[in-house]
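Secondary and tertiary structure notes
Below, each chain spelled out in residue letters.
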Amino acid sequence: MLFSSAIFLFLFLPFFLLIYYLLPKRFHNAFLFAASLCFYAWGEGPVVLVLLLSALINYIAGRLIEQGRRRAGLWLSLAGSLSLLFYYKYANFFVDSVLGVAKAFTLPVPAGLALTHIALPIGISFYTFQGISYTLDIYWGRIKANRSFLDYGTYVAMFPHQIAGPIVRYADIAPELADRTTTIEKFGIGAERFILGLAKKVLLANTFASLADTIFNAPPDTYPTATAWLGIVGYSLQIYFDFSGYSDMAIGLGKMVGFDFKENFNYPYVARSIQDFWRRWHISLSSWFRDYVYIPLGGNRASKMRTYRNLLIVFFVTGLWHGASWNFIIWGLYHGLFLLIERAGLGKRLERLWPPVAHAYTILAVLVGWVFFRTETLPEAIHFLQKMLGLGGQPTAMMAYPPSYFLNAELIVSLLIGFVLATPVYPYFQRGWERLVARLVSIHILLNSIYVVGLFGLFVLAVMYLAADTYNPFIYFRF
Amino acid sequence: MAKRTPTDDTSQVVRSREENRKPQRFKTTLISLGFGLLLTLPILDQWLTLSSGFQSSEKRGLAPLPSFNFPHVQTYIAQFNRYYKENFGWRNALFYVYSRWKYRILATSPLPEKVLIGQNGWFYPGNSLNKILNQHWGLAPIHVDTLASIARHLSQLQRQCDAQGAKLYVFVAPDSYTIYPENLPSFLPKKLPSSNFDRFQAYMSQHTTIPVVDVRKALIAAKSDHVLYQQTDTHWNEFGALVATQALVNRLRQDFPLLPVARLSDFVVKPVQGVGGDLVTMLTLHHELVDSIDYKLTPARPLHARNTETVHIVNELPYQRFVINSPTLPKLLLIGDSFSFAMTTSLPEYFRESYLVRAHTFDMNLVKREHPDIVVIEIVERNIDSLGQL
């Protein structure tokens, strides 16, 4: 069930909120846990058992560590969580890669070695990492293990962050898990954040997705260089608004039920270096890798070469975390390489440069990286990059997709809004608006009403787009 | 002047903070209540049918509320998802507003896969109709293997028709893209070096003896005097159908000289106010966007053809039989799509008996039963590639 679906918005969410707020506080966790399992099972079916198994493994591991069986607990958590992740996410990729290598070197391959397709349980990467961070934090003495499986299960399964993050650390929400307050003010802040996230996803990300999908799915000889650039810009905006919109919705839903999740994005496209980009992009993931992989590997405390090695390892697994394909690994290593170069001296130079030049360098590096992220295979990525560079010949077939084909009023407006909202203009506007309201406090009812009407207008607009997505008219039956 | 104490200052700060929090509290309370209301409105609509004035124009059966059959939980969930997606409260009203938002404000098609907005008030079908846009863009050239398969299949049908004493023809109704390229959206090419229809025609003439009736020239020649296609629809109008009938009958006459010469003057053409066609109906804009003109045809002489049988089929256009009292004329069996429906007014006037069937499959039993002299397979240009599965 997606947050941006009618069934979630108009059936699951209202009933969930109604019951949640009617129930006494002591039942909140139990209800949130049960509702979250229903939410997951509705979309994923019996695979909900994988989520429960993962939660159970880490719950037991946490208890074992606290009872003094530290190594056994840690190994149970790592082996249990990672084997589930490996089986469901990477087994097909691993076997296919081995078979591919064997084929390339004409090695004999036993018949029947190929694996049938294993369906990926949605959110497994998120809840696996949450579980591992929980046990590692107990192992390192940062937190105490939760004695109640119900409370721990609520943390893991909680539907607001269940399927698309952010990676919420147990340590960050442990106090709220035990005791949290829900107020109408907090609910309102959460609802506002949710609506903004929904609008980002439905109105912006989906518009950019349609642009990017058309271009990336078109044969390369049907569009010119300018269209390739339009495609990658569209994709960059799509992935940002899609992911950050989802994080906004998660943060908003969290607030509605009394949790304060940390921010996951901080305007990554205004970064002035790749290092800066990773401080702003998917913060919960990059900080997870920093704290649980990079620092345990030694971080930057040893020699330069060790630091470079650690960086490359972190970005290799970052790539692999995003998906089981060589393109994701290349994308991760590509970013790792930039970080390495910046650490080797480029970073200092970038700091001294005129800021627009540093921004341009970062944006260009990120855009090129997204090509590997978006395309399915390496040859596809190379073809697309050639297209962006104006190599690989001009369109030979009918030139179907000149930029003018895409640039209608809706896309132009969306691009402009997208460019603006990818920078910290909205918080600036919001602060200014709040100052204005504070200054004109005598008419705050009018001003706030205007703001709220605008916010609800955005919600209705987003829901209109959702409704249109379900509208499938036929000219005639079977004609 | 009274001396201010620290307690006064503190209470003033607290009061001032409280004052500052007031607007924020008002805003968040308003958002909370409004959001709660917005979430429940669709449930209220499903319960109280508040938006019943907005009907779906989808021309399909929307998914019904499923019943749960234990232990088929997954099936139930899938069916319920579909049901809810297609029936949630205010859905039709939301699409109604969405359609106007996209068309009026953003000047783009509300359903670009279904409908393209052309120039000068013209609308064209989109890629959801057998990739028609890609076909006319040259992005989906019909493959030679497909052509070979079509030729084999049609030749087999031709042999079977011959055995029944009937001559087989293939009659292609051109797409509006072909006849009115000048009104296509500006990003589309006005003319391709070779269309799928051209390729089909060339292949058939080289590899088979099946006559392919091409009415493109006749239609293009006639369009300077009258509008031949509905501007808001996928189909030709009554006049376009008349021109096509005339061209078809005169082609058949080459093999059946007893057929009368078909002339436009056989009918009186009266211009009438156009209505919104199927394309704008899909967008729910059919009351606002209508054809600039339509035509009503009446035979110039007393009507000969009598409708003797109409077979209504659920969700299909009807089968119709017409007869005239001229025993020397040949008998026609036409198996066609919705384009042949508009020819019902004119086509039966030229045959002893006409049986007009709307079907997607060729049933040889019909030929055996009806004993026609002429069998015409009518198909719209965009669906030529499906002739192999007829």
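Residues numbered from 1 in each chain as written. Chains lettered and ligands numbered in written order. Predicted model: local features only at pLDDT ≥ 70, side-chain atom pairs only at ≥ 80, totals over all residues. Heavy atoms only, no water.

Some points on the interface of chain A and chain B
Think of interface size as the accessible area that goes away when the parts come together; that is how it is often given. Listed as interface residues are 61 residues of chain A and, on the opposing side, 67 residues of chain B. For the pair chain A and chain B, the summed buried surface comes to about 6100 Å²; carbon and sulfur atoms form 74% of the total. Where chain A meets chain B, there are three salt bridges. Of the charged contacts, one joins Arg 25 of chain B and Glu 185 of chain A as a salt bridge, the two residues approaching to 4.0 Å between their closest N and O atoms. Summed over the shared surface of chain A and chain B, the number is nine residue pairs in polar contact (both at pLDDT 80 or more). Elements with a minimum of two residues in the side of chain A that touches chain B: helix 1 (6-22), helix 2 (28-44), helix 9 (184-217), helix 18 (409-421), helix 19 (425-439) and helix 20 (444-470) of chain A. (Contact = heavy atoms within 4.5 Å. Buried area = accessible area lost by both parts, 1.4 Å probe. Salt bridge = Lys/Arg side-chain N within 4 Å of Asp/Glu carboxyl O. Polar contact = N/O pair within 3.5 Å; in protein donor to acceptor, adjacent residues only side chain to side chain. Helix = DSSP H or I, 4+ residues; strand = E, 2+ residues; numbered from the N terminus.)

Some thoughts on the packing of aromatic side chains
In this structure the tally under the stated criterion is 96 aromatic pairs over all chains. Aromatic pair Phe 68 of chain B and Phe 70 of chain B: ring centres 6.4 Å apart, planes at 70°, arrangement edge-to-face. Against the face of Tyr 139 of chain A rests Arg 70 of chain A, its NZ or CZ located 4.1 Å from the ring centre. If you follow Arg 321 of chain B out to its NZ or CZ, it ends over the ring of Tyr 355 of chain B, 4.0 Å from the centre. (Phe/Tyr/Trp six-rings, centres within 6.5 Å; stacked < 30°, edge-to-face > 60°. Lys NZ or Arg CZ within 6 Å of the ring centre and 35° of its normal.)

Concerning the pattern of salt bridges
All names here are of chain B. Following the criterion strictly, the structure yields 32 salt bridges over all chains and no others. Taking the shortest distance from any N to any O, the salt bridge between Arg 251 and Asp 255 comes out at 3.2 Å. One salt bridge in this structure joins Glu 353 and Lys 331, with 3.5 Å as the shortest N-O distance. With a gap of 22 residues between them, Glu 353 in strand 10 (residues 353-358) and Lys 331 in strand 9 (residues 331-336) connect regions that are remote in the sequence. Pair check on accessibility: Glu 353 and Lys 331 agree, each one buried. Overlapping salt bridges bring together Glu 309, Arg 321, Lys 331, Glu 353, Arg 369 and Glu 370 as one network. (Buried < 20%, exposed > 50% of the residue type's maximum accessible area, 1.4 Å probe, protein only.)

Here's the deal with the environment of Thr 375 of chain A
Residues and elements named next belong to chain A. Considering the arrangement of structural elements, one finds Thr 375 in the loop between helix 15 (355-374) and helix 16 (378-388). In this structure the C-alpha to C-alpha distance between Thr 375 and Phe 328, which are 47 residues apart in sequence, comes to 9.4 Å. Sequence-distant contacts of Thr 375, that is, excluding residues within four places in its chain, are made with Phe 216, Asn 327, Glu 380 and Ala 381. A distance of 2.7 Å separates a polar atom in the side chain of Thr 375 from the backbone oxygen of Val 371.

Taken by themselves, the reported measurements are silent on function.
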